[in-house]
Amino acid sequence: MKKQSKNPLLLIKFLTLHSLLVLSASQDFDFFYLVQQWPGSYCDTKHGCCYPSTGKPVSDFGIHGLWPNRNDGSYPSNCDSSNPFDASKISDLVSQMRSDWPTLSCPSNDGLTFWGHEWDKHGTCSESVLDQHSYFSTALNLKTEINILRALEDAGIHPNGSNYSLSSIKDAIKRASGHTPWIECNNDSSGNSQLYQIYLCVDSSGLGFIECPVFPNGKCGASIEFPMF
Ligand SMILES: *[C@@H]1O[C@H](CO)[C@@H](O)[C@H](O)[C@H]1NC(C)=O
Ligand SMILES: *[C@@H]1O[C@H](CO)[C@@H](O)[C@H](O)[C@H]1NC(C)=O
Ligand SMILES: *[C@@H]1O[C@H](CO)[C@@H](O)[C@H](O)[C@H]1NC(C)=O
């Protein structure tokens with residue numbers, strides 16, 4: 001009896017320490033970036049691109065990735081080599097992935113290399129929240145929730161090689177999504193700054209869009225090109 005009276009305190013100490021360790025080991029990020037890329041801006045650079053073996057993707061933004069990130073701007077990567085990408089776990093998603101998450105890397109391939117890279121580098125860092133199948137299906141569902149190309153076209157911003165103000169692009173996406181996007185630019189082969197990737201933030205459960213706690217570094221010009229694809 002005497003012995004037991006001391007145990008509850010020890011037990012509480014142990015449990016507190018234990019749950020802190022488990023929490024920090026299992027979720028080392030605060031939110032996600034859903035990153036979508038404009039294929040025209042990937043392909044018209046100096047290094048160029050290759051269409052997937054399944055053919056030229058449709059003229060639309062494609063998913064680049066769903067990237068766990070921390071509120072201080074840093075991010076974890078390559079978190080669990082014991083859980084490598086396994087294509088058999090997402091066989092039911094592959095046809096949607098071919099259209100919404102197409103690879104553009106060379107040499108031409110079916111996309112498995114791209115998707116595997118995204119899982120191994122980023123997906124393994126949120127595996128306590130989203131297993132492989134949920135990681136990919138969550139990204140696909142989020143993309144479907146906000147149609148970025150339609151938001152831009154509704155605002156008169158077309159992928160036709162014209163220049164548009166950065167603020168008009170941000171405003172159009174904010175109006176359609178309710179959230180402030182971050183825009184990444186790259187340079188076309190003549191050195192013109194162009195609309196390359198669009199970042200929107202997602203809560204740490206992958207359930208919905210949020211305002212970004214922090215934006216990546218980098219800056220576009222005030223006026224950027226929106227190339228054809
Ligand atoms: C692109 O579309 C805009 C809006 O319709 C138009 O004002 C512009 O002239 C077009 N640019 C080109 C290069 O066709
Ligand atoms: C877009 O802006 C760049 C840089 O100012 C310019 O070189 C290019 O000709 C412009 N493109 C169009 C279609 O006006
Ligand atoms: C685009 O070109 C400018 C000037 O040539 C350079 O400063 C900038 O780093 C380039 N941007 C990217 C994303 O490569």
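Structure shown above.
A quick note: this is a predicted structure, and the numbers were derived from the prediction, not measured. (Residues numbered from 1 in each chain as written. Chains lettered and ligands numbered in written order. Predicted model: local features only at pLDDT ≥ 70, side-chain atom pairs only at ≥ 80, totals over all residues. Heavy atoms only, no water.)

1. So, the site of ligand 1
Thought 1: For ligand 1, the full set of nearby residues is G156, H158, N160, S162 and Y164.
Thought 2: Contact between ligand 1 and N160: an oxygen atom at 2.3 Å from a side-chain N or O atom of the residue.
Thought 3: Note that a nitrogen atom of ligand 1 is positioned 2.7 Å from one of the side-chain N or O atoms of S162.
Thought 4: Class assignment of the residues belonging to the shell around ligand 1 gives a composition of one nonpolar, four polar and no charged. (Near = heavy atom within 4 Å. Polar contact = N/O pair within 3.5 Å; in protein donor to acceptor, adjacent residues only side chain to side chain. Nonpolar A, V, L, I, M, F, W, Y, C, P; charged D, E, K, R; others polar.)

2. Remarks on the pattern of salt bridges
Thought 1: Considering all chains together, one arrives at two salt bridges under this definition.
Thought 2: D28 is paired through a salt bridge with R70; the nearest N and O atoms lie 2.8 Å apart. In this pair, D28 sits in the loop between α1 (2–26) and β1 (31–37) while R70 sits in the loop between β2 (62–69) and α3 (94–100), placing the two residues 42 residues apart along the sequence.
Thought 3: Residue D60 is joined to K143 by a salt bridge in which the shortest nitrogen-to-oxygen separation is 3.3 Å. Of this pair, D60 sits in the loop between α2 (39–43) and β2 while K143 sits in helix α5 (residues 132–145); the two residues are 83 residues apart in sequence, bridging distant segments of the chain.
Thought 4: Take D60: its relative accessible area is 22%, and that puts it in the partly exposed class. (Salt bridge = Lys/Arg side-chain N within 4 Å of Asp/Glu carboxyl O. Helix = DSSP H or I, 4+ residues; strand = E, 2+ residues; numbered from the N terminus. Buried < 20%, exposed > 50% of the residue type's maximum accessible area, 1.4 Å probe, protein only.)

3. Quick look at the site of ligand 2
Thought 1: Lining the immediate environment of ligand 2, one finds G161, N163 and N192.
Thought 2: Taking N192, its side chain carries an N or O atom lying 3.5 Å from an oxygen atom of ligand 2.

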